[in-house]
Protein chains: 2
Amino acid sequence: MKPNFSLRLRIFNLNCWGIPYLSKHRGDRVKRLGDFLNMESFDLALLEEVWSEQDFQYLRQKLLPTYPASHYFRSGVIGSGLCVFSKHPIQEITQHVYTLNGYPYMIHHGDWFCGKAVGLLVLHLSGLVLNVYVTHLHAEYNRQKDIYLAHRVAQAWELAQFIQCVSLGLTGEVGWGQGLRGGQGPTSRWAQLVRRELLPHQPGSPSHTSKKADVVLLCGDLNLHPKDLGCRLLKEWTGLHDAYLETRDFKGSEEGCTMVPENCYVNQRELQPFPFGIRIDYVLYKAVSGFYISCKTLRTTTGRDPHSGTPLSDHEALMATLCVRHSPPQHTPSPTHGGPAERSRLISVLKEAWAELDLGMAQARWWATFAGYVIGLGLLLLALLCALAAGGGVREVAIMLWAPSVGLLLGAGAVYLFHMQEAKGLSRARAELQHMLGRAREAHDLDPESQAALFLGQQEGDRSEEQ
Amino acid sequence: MKPNFSLRLRIFNLNCWGIPYLSKHRGDRVKRLGDFLNMESFDLALLEEVWSEQDFQYLRQKLLPTYPASHYFRSGVIGSGLCVFSKHPIQEITQHVYTLNGYPYMIHHGDWFCGKAVGLLVLHLSGLVLNVYVTHLHAEYNRQKDIYLAHRVAQAWELAQFIQCVSLGLTGEVGWGQGLRGGQGPTSRWAQLVRRELLPHQPGSPSHTSKKADVVLLCGDLNLHPKDLGCRLLKEWTGLHDAYLETRDFKGSEEGCTMVPENCYVNQRELQPFPFGIRIDYVLYKAVSGFYISCKTLRTTTGRDPHSGTPLSDHEALMATLCVRHSPPQHTPSPTHGGPAERSRLISVLKEAWAELDLGMAQARWWATFAGYVIGLGLLLLALLCALAAGGGVREVAIMLWAPSVGLLLGAGAVYLFHMQEAKGLSRARAELQHMLGRAREAHDLDPESQAALFLGQQEGDRSEEQ
């Protein structure tokens, strides 16, 4: 690789709102999306909510000359809705299906049936290893009373763990971009420093500064606002940078929103508390080990298709031009940059996530216990009905009530099993968080400077809990 | 790290057969296991089938002085049964729950409820990064008519993908141990070469020879015999070495079997076709990037506890002493070692796995279609019963039949959803295999030497299919 190596990547991301029979003008929108992608010839187009595999196959055929490589990520009953089209060959493909993803009995929400997942493609471009993740987290149906919050936080944690495990050398150096719009600091580098500081035997020789991917890119619909717990957890733990916060050249919707009131497909009532709309779709990135990545330009659609006037989806598309080059010395931070403020911010967000999962676990256990009582009641009722049916008098009524009581029993059994599984899933994520928190605290305690910052971080955490 | 660096690791693995209320002498065996682990003071003890979290907590308390770090991997309704005790601090913990894991209506088999998984711990020992995987795949209940075969192959593939993704740099060098007992060749190195050969722009500079873990260790109950498709797929794709095949110093049961007829807890009827028993528990390992790992000694129990005379479990324990050191020049193979025979063996096993998953998919779809018809029939029946109940004559009988027909409808609906999900899961693994097979073939076609070997590999594949 030449010392003046430089690579330009043009990325497209869109939640396509492609629900068969339900999404308006689906066929027409998919057709126009294909035309647009062919015309623009991005390096990568990452799509979410392509629920119909026929839509994917249609796009695959249509885009074959421009994007010879493609993949559809299958999971759950319906499918993850994720797919990708690439101008460059895809070296590896894999996916991780989130352990927790809503409730099967919330049929009208449907998320459980989709098997929400994160898909990974590995590309090799001019000798550079690029890990591209595409994901779609559980939707938020009611921000005031969000029954899926614990699941979304658990998903964000699984996503962060998956990215860290797959992409990063445990003792790897991270090259950081420059925050221009007040982006959050690169504390995940500190997460690595935690590990290094806790290793008395770690000689830290450069030959063991290992890494896998040179560049990590995450696109998708996170269903998280930028300040939401899940989003902070993901960014703090992985050190991913937000293209919108980093770029100097942004054009598009107000405040980078990806669901805007100008879009005719958007439910205007849901957006009422947010006059400019909400930002829940992201292009996030980082470079590892001696590389530097920056976002040259970021564009969004603005509720209208640039050509035909009607939007491509109820979400806005993100179009980013990223530039990767060898990191100049001034951009390679020394390993001592992981300051106490960054550390306490990580500890604070880990604690917050732990508390949220704990709450979710208590609720899951409550539901499992409740279902247990209903099972007991159902059994009693069934025994009573059998006795009545055998006995005489109200024989017909008793027999009529068999069906609902058997249904109740089966339903309660399923609910019991499901919530037991939910509690196990949340307990697993909580245990992982607790482990990391323990290690982070240990490292923190080694540094007396950190105490004041930790105190400040705790205060911040308390404030956000009060809100 | 010193040039004459050398690390000795003592590993213990046991499937504990710890089913509450069902496994014989559970309490006593868990107690004796704790005593034994404390006495032997291994570096790592990896346990499967610790189904009761109370057993884990008991062991944790008991082993705390000798093994300060421990973790229980929670998943599914019951739990994965996996846990680990370590003398050294655990840096990172994560797990991956297998997408496919049997059928919920096979309650007497129970695997579905466990949420079988692979757990990962990352240890840092004297500057060495050690990734330790512990797993337990779906049990085999009937070897002649194994309805779970496709699921176990899919699990083996997910396991192999998880290990490769997490542990290995995509362009990493692999240091190979020496096969002493005719172990299968290290073809996963070739899997990496496939990637390298297919990269015209890949400069292959040593600075981009990236890696994450220095040593990868996989222990557990794979429920796979050494020549089974899943086992071959796992070994060929990951390049993991089998401690039993590699070691010069083995003592224990005949042919390294881990379920032996001498064990009083073993179902003798099931072992009838195998006079020495079966080998389904493994210690597998590999070293990456300039390290060399070998198995100095391997011991198994032989159906009797060495101290009290009764066995610790229905499985035999594996006790391995591994030695890791810097790889001397003669053990660092040149990148050209990936010969045509190895390549065609990989292609052959990928094809075989693809075919098995394809078969599984067809069956899953058949069941989904069948359940669809049953749903239709159930609806018709219910309508008929309503009409009869309203009409007169056989009113009471009609009402009595409501309950079973509602049950049928709900059951068939659940079966339909489940098998749709199963088909999606199998289809996903098949698509990943197909992608890898495509790339492997492309690379193979570049090398005219390979053609004869491919032909031989195909013949071998055909033979194994005939058996």
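Criteria and thresholds
- All chains use their own residue numbering, which begins from 1 and follows the written sequence.
- Note on labels: chains are lettered from A, ligands numbered from 1, in written order.
- With the structure being a predicted model, the display of local features is reserved for residues of pLDDT at least 70 and the display and counting of side-chain atom pairs for 80 or more, all residues being used for whole-chain, interface and lining totals.
- Computation of side-chain values: all heavy atoms of the structure, hydrogens and water removed.
- UniProt positions are given in the numbering used here, feature names are shortened, and annotations may be inferred rather than shown by experiment.
- Put simply, DSSP H or I for four residues or longer makes a helix, DSSP E for two residues or longer makes a strand, and each gets a number counted from the N terminus.
- Here, a strand pair is defined by DSSP locating no fewer than two bridges between the strands.
- We call two residues in contact when some of their heavy atoms are within 4.5 Å.
- Axis angles are defined between N-to-C directions and span 0 to 180 degrees, where every axis is a line fitted to C-alpha atoms and, for a helix, only to the segment in contact.
- The buried label applies to any residue whose accessible area, calculated with a 1.4 Å probe on protein chains only, is under 20% of its type's maximum; exposed applies above 50%, and partly exposed to all values in between.
- An arc is given here, and it is the one of the directions from the helix axis to the C-beta atoms.
- Think of a polar contact as two N or O atoms within 3.5 Å of one another; within protein, one of them needs to be a possible hydrogen donor and the other a possible acceptor, and neighboring residues in sequence only count if both atoms come from side chains.
- Salt bridges are identified by distance alone: a Lys or Arg side-chain nitrogen within 4 Å of an Asp or Glu carboxyl oxygen.
- Only four residue types enter the tally: Lys and Arg on the positive side, Asp and Glu on the negative side, with His and both chain ends excluded.

### Side note on the UniProt feature "transmembrane region" (unreviewed entry) in chain A
Following the UniProt record, one finds the feature "transmembrane region" (unreviewed entry) at residues 370-391 and 397-418 of chain A. Across residues 370-391 of chain A one finds 100% helix and 0% strand; the C-alpha atoms that close the span lie 31 Å apart.

### Some thoughts on the sheet that holds strand β2 (residues 44-50) of chain B
Residues and elements named next belong to chain B. In space, the seven strands of this open sheet follow the order β3-β4-β2-β1-β14-β13-β11, with mixed pairing throughout. Each of the sheet's edge strands pairs with one partner strand only, and the pair in question is β3 (69-72) and β11 (250-251). Inspection of the sheet shows strand β13 (residues 291-300) paired to strand β14 (residues 318-326) by nine bridges, in the antiparallel sense. Bridge pairing in β14 links L298 to A320. Helix α1 (residues 26-40) contacts β1 (6-18), β2 and β14 of the sheet and is inclined by roughly 175° relative to β1.

### Concerning helix α6 (residues 229-238) of chain A
Residue and element names in this part refer to chain A. For α6, the buried fraction is high: ten of the ten residues fall into the buried class. Taken as a whole, α6 has its buried residues at L229, G230, C231, R232, L233, L234, K235, E236, W237 and T238. Directly after α6, the chain includes G239, whose backbone phi takes a positive value near 75°.

### Some remarks on helix α2 (residues 53-63) of chain B
Residue and element names in this part refer to chain B. For α2, the full list of buried residues reads D55, F56, L59 and L63. Angularly, the buried residues of α2 cover 100° about the axis, an arc narrow enough to put them on a single face. The exposed residues of α2 that point more than 90 degrees off its buried face are Q54 and Q61. Turning to α2, the residues buried within the fold contact β1, α1, β2, β3 and β4 (83-86). Of the residues flanking the start of α2, the one acting as N-cap is S52, its side-chain oxygen 3.1 Å from the backbone nitrogen of Q54.

### A closer look at unusual backbone geometry
Positive phi, normally seen in glycine, also occurs at W17 of chain A, with a value near 50°. Within the secondary structure, W17 of chain A sits in strand β1 (residues 6-18). Of note, E255 of chain B is a non-glycine position whose phi angle comes to about 55°, a positive value. Residue classification places E255 of chain B among the partly exposed positions, given a relative accessible area of 46%.

### Re the pairing of strand β7 (residues 128-136) of chain B
Residues and elements named next belong to chain B. Here β7 lies mainly inside the structure; nine of its nine residues are buried. Alternating positions in β7 separate into two faces, L128, L130, V132, V134 and H136 on one and V129, N131, Y133 and T135 on the other, with burial throughout. Pairing analysis gives eight bridges linking strand β6 (residues 117-125) to β7, with the strands arranged antiparallel. When the sheet's bridge partners are listed, L123 is paired in β7 with L130. Hairpin connection between β6 and β7: a loop of two residues separates the two successive antiparallel strands, and S126 in this loop has a positive phi of roughly 50°.

### Let's talk about the pattern of salt bridges
Across all of its chains, the model carries 38 salt bridges over all chains by this definition. Residues E158 of chain B and R428 of chain B are paired through a salt bridge, measuring 3.6 Å at the closest nitrogen-oxygen approach. Of this pair, E158 of chain B sits in helix α4 (residues 149-167) while R428 of chain B sits in helix α9 (residues 395-445), and the two are 270 residues apart along the sequence. Each member of the pair E158 of chain B and R428 of chain B is classed as buried. Put simply, K31, D35 and K62 of chain A are held in one network by salt bridges that share partners.

### Brief notes about the side chain of D43 of chain B
Residue and element names in this part refer to chain B. Inspection of the secondary structure puts D43 in the loop between α1 and β2. One buried charged side chain, D43, makes no salt bridge at all; its nearest oppositely charged neighbour is K87, positioned 4.4 Å away. One polar contact links D43 to H88, side chain to side chain, over a distance of 2.7 Å. What D43 contacts, discounting residues up to four positions off in sequence, is R8, L9, R10, F85, S86, K87 and H88.

### Section: the pairing of strand β13 (residues 291-300) of chain A
All names here are of chain A. Counting buried residues along β13, eight of its ten residues qualify, which places the element largely inside the surrounding structure. One ladder, built from two bridges, connects strand β11 (residues 250-251) with β13; its direction is parallel. Residue F250 lies in a different strand from β13, and its bridge partner there is L298.

### Some thoughts on the sheet that holds β1 of chain A
Residue and element names in this part refer to chain A. The mixed open sheet is built from seven strands, whose spatial order is β3-β4-β2-β1-β14-β13-β11. Of all strands in the sheet, those with a lone pairing partner are β3 (69-72) and β11, marking the two edges. Note that β3 and strand β4 (residues 83-86) share four bridges and pair antiparallel. In the strand pairing of β4, A69 is matched with S86. Sheet strands touched by helix α1 (residues 26-40): β1, β2 (44-50) and β14 (318-326). Its angle to β1, the strand with the most contacts, is close to 175°.

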